[in-house]
Amino acid sequence: MYNSPPRFCSGCGQPLAPQYVVVEQRERLVCTVCEEIHYINPKVVAGVVPTRDGRAWLLRRAIQPRLGAWTFPAGFMEMGETVEEAARRETFEELHMDVRITGLLNIYSRREAPTVLIVYLAEALTEPTGGSEALEFASFDPESIPWRHLAFWNTEAALRDWVQSL
Ligand SMILES: [Zn+2]
C-alpha cells in the first residue's frame, strides 16, 4: 500500500526537486523548469471487517507488499465512488463476498504513513469464494486471530478495535 513520489513534472516532463515554498512554509516537490508545485497527500484506503456469528473473515495476501500475511479486505478508493462503495467493492474483489456495512469501526493514520485507512464493520451476506488477491481465506473468532502474521500496523490496530467492540 505504498506509493513513491513522482520524479518528473506532469506538466512539462522535467525533473522535480524538493524546494522550500515560502508562502506555504513547507518543502514541496517543485518542477525545476516550470516551477509547478506537485502536492503529495495521503491516499484513502477503504476496508471492511466482514463478520458473521462473531467471527471475522480474513484473507492471506497474494500480492506484494506483505505477500502471505493476513488482512481484511481493503484497497485504494477510486474516483467516482464513496468510501463505503470502495469498501464493498474491495471486499467483493478480494473475497467475492457481499457485505452490508453496519457502522464505522475507526480511521487509522500516522504522520509517516502515505495512506489513511477507513475501516467499516460489516455483516457478511454471502460465503466468500476468494479472488485473485487472496491465497486463502478463513474466518476467525477473537481468540484465534493470527496476530503475529498480520499484514500492516493498521491491520492489527483495526482488528484490536474489532475485538474491543465485541
Ligand atoms: Zn514542469
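Residues numbered from 1 in each chain as written. Predicted model: local features only at pLDDT ≥ 70, side-chain atom pairs only at ≥ 80, totals over all residues.

### With respect to unusual backbone geometry
Following Gln64, the chain continues to Pro65 via a peptide bond in cis, the omega torsion being -5°. Positive phi is not limited to glycine here, since Glu35 has a value of about 70°. Looking at where Glu35 falls in the secondary structure, it is placed in the loop between β2 (26–31) and β3 (37–38). The exposed category is assigned to Glu35, around which 12 C-beta atoms lie within 10 Å. Unusually for a residue other than glycine, Asp53 sits at a positive phi of about 55°. Assignment of secondary structure puts Asp53 in the loop between β4 (43–52) and β5 (55–61). Owing to 7 C-beta atoms within 10 Å, Asp53 belongs among the exposed residues under this scheme. (Helix = DSSP H or I, 4+ residues; strand = E, 2+ residues; numbered from the N terminus. Buried ≥ 20, exposed ≤ 12 C-beta atoms within 10 Å, placed from the backbone.)

### Some points on helix α1 (residues 83–95)
The terminal C-alpha atoms of α1, which comprises 13 residues, lie 18 Å apart, in line with the 18 Å expected from a rise of 1.5 Å per residue. For α1, the full list of buried residues reads Ala86, Ala87, Arg88, Glu90, Thr91, Glu94 and Leu95. Next to the buried residues of α1 lie β4, β5, β7 (74–76), β8 (99–108), β9 (115–124) and β10 (134–140). (Expected span 1.5 Å × (residues − 1). Contact = placed C-beta atoms within 7 Å.)

### Considering the domain arrangement of the protein
Each assigned domain of the protein is listed with its residue range as follows: domain 1 (1–40) and domain 2 (43–165). Its C-alpha centre places domain 1 at a distance of 33 Å from the equivalent point of domain 2. (Domains from an automatic or database assignment.)

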